[in-house]
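Here are the chains, one letter per residue:
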Amino acid sequence: MDERRRSTVRDLRRDNRSVLLWTLFANQPCSRQDLSEATGLSTASVSNVIRELISDGIVVEAGSVDSDGGRPRILLEMNPGRGYVAGVDVGETRVMVELFDLSMSVQARAQYALDPRVHNVDVVVHSIAAGLTKVLADSRIDPPAVLGVGVGVPGVVEQGSEVLVHGQAYGWDAVPLERLLQPVVDLPLFIDNGAKTMGQAELWFGAARQTRQAVVCLMGSGLGASIITGSPGRGGSSASVEWGHTTIELGGRSCRCGSRGCLEAYVGAEAILDRYGLAATGADEESALATLVSASTARAAEILNETALYLGAGIANLINLFGPERIILGGWAGLLLGERLLPAIREAARQHSLTHRFAQTSIELGSLGADAVALGAATLPMERFLNGVLTLREPASGDRAVG
Ligand SMILES: [Zn+2]
């Protein structure tokens, strides 16, 4: 066989392996027949690749189901303990680190509070390193079993020869986060915008599954959003937009970014508490907003109604600009506000958007809870593993799984 033909065969094998891994990951447990039907690959090709994946310990057999009149079908699933991925959420009020197995079940979690007024880079780097050490120790996992670490951060992430984070409202100016993390984290690193990683989590596992296009809104002290299209593994993508710094009122309240009248200066948690006359610090911002949301005073109602109006208008802008099938509100503040205000937010969005566009959009709460950014960050190394870009080291003798 000449070299070109040999490399084509090799590429084809790798493509088939990747297609089957993605399909199994999204539909597990399922049988070889199911995989053949879902991918269009012949049963012989599926059997060959699955044999290889079982031998590598990545896939295991998991019982069987009766098939109509035929032999029982053996079910397959990812071998959860064969490898791990870590996800980090660098937020306004905390750094959260989570470790997941190959089926994306969380194994351990560590969090460190941040002062939302100061986001010292050294403190964040130290918290990420300490968190990774802690989750590995708590789950008794050796670092080489971890495929990589995804990190979701606020602001614009420039993916050049050196990854730079431009978090203007966060107080970060061209921070070389990857270079700062490398000496303390000896694992492959993948850094991206937190709203984008949350969007990817909702696309893979949450409220954006099975949608053509969705906008995922991440609401904490500040605001971010991501536009997601397609489906995982089939050209699905997620791109972040600086929604929080779109102008909602000319010459309005001053924003942390230096401008005036930004949406974030009205409906970011910090801004809501400020409008309510309640200055909060640290993780207290979360309990202060919870107190406001559950308060029954006229003043609280007034602030919340105004918040729903601004937020609804901000969402209407997203609807008119992008015409998504679904808008998903998430982040700790988004979930907290949405629980009480969703009907009012929907009504304000309806009033401020074009009738036809609004009719084709649903506005929902995220379904993955407040740690969706960390889960989404962990999908960054996971997607590279499923694509065949990241590989696991050979299993030590004894921990090779048998179906
Ligand atoms: Zn701003």
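Scoring rules and cut-offs
Residues numbered from 1 in each chain as written. Predicted model: local features only at pLDDT ≥ 70, side-chain atom pairs only at ≥ 80, totals over all residues. Heavy atoms only, no water. pLDDT = per-residue confidence, 0-100. Helix = DSSP H or I, 4+ residues; strand = E, 2+ residues; numbered from the N terminus. Contact = heavy atoms within 4.5 Å. Pairing = 2+ DSSP bridges. Axes fitted to C-alpha atoms, helices over the stretch in contact; angles between N-to-C directions. Phe/Tyr/Trp six-rings, centres within 6.5 Å; stacked < 30°, edge-to-face > 60°. Buried < 20%, exposed > 50% of the residue type's maximum accessible area, 1.4 Å probe, protein only.

On to the confidence of the model for the protein chain, then. Scored by pLDDT, the protein chain has a mean of 91; 96% of the residues are at 70 or more. Ranking the helices and strands of the protein chain by mean pLDDT puts strand β4 (residues 84-90) first, with 98, and helix α1 (residues 3-27) last, with 84.

Here the focus is the environment of Met382. Inspection of the secondary structure assignment puts Met382 in helix α13 (residues 372-386). Measuring from C-alpha to C-alpha, the distance between Met382 and Ile328 comes to 23 Å, with 54 residues separating the pair along the chain. In this view, Met382 contacts Phe25, Met78, Val85, Leu102, Met104 and Trp204; residues no more than four positions away in its chain are not counted.

Further remarks concern the sheet that holds strand β5 (residues 94-101). Ordered by their spatial adjacency, five strands build an open sheet running β6-β5-β4-β7-β11, and the pairing between neighbours is mixed. Strands at the two margins of the open sheet, each flanked by one partner only, are β6 (106-113) and β11 (189-193). Geometrically, the sheet is characterised by an average inter-axis angle of 15° between neighbouring strands, direction not taken into account. In the sheet, β5 pairs with β6 via seven bridges, with the strands oriented antiparallel.

Throughout the structure, instances matching the rule amount to six aromatic pairs. Judged by centre distance (5.1 Å) and plane angle (80°), the ring pair of Tyr170 and Trp172 falls under edge-to-face. Take Trp172: its relative accessible area is 3%, and that puts it in the buried class. Chaining the aromatic ring pairs together yields one cluster made of Trp22, Phe25, Trp204 and Phe205.

What follows concerns the environment of Asp186. Note that Asp186 resides in the loop between α5 (177-181) and β11. For Asp186, a relative accessible area of 75% puts it in the exposed group. It is 9.7 Å that separates the C-alpha atoms of Asp186 and Ala129, two residues lying 57 residues apart in sequence.

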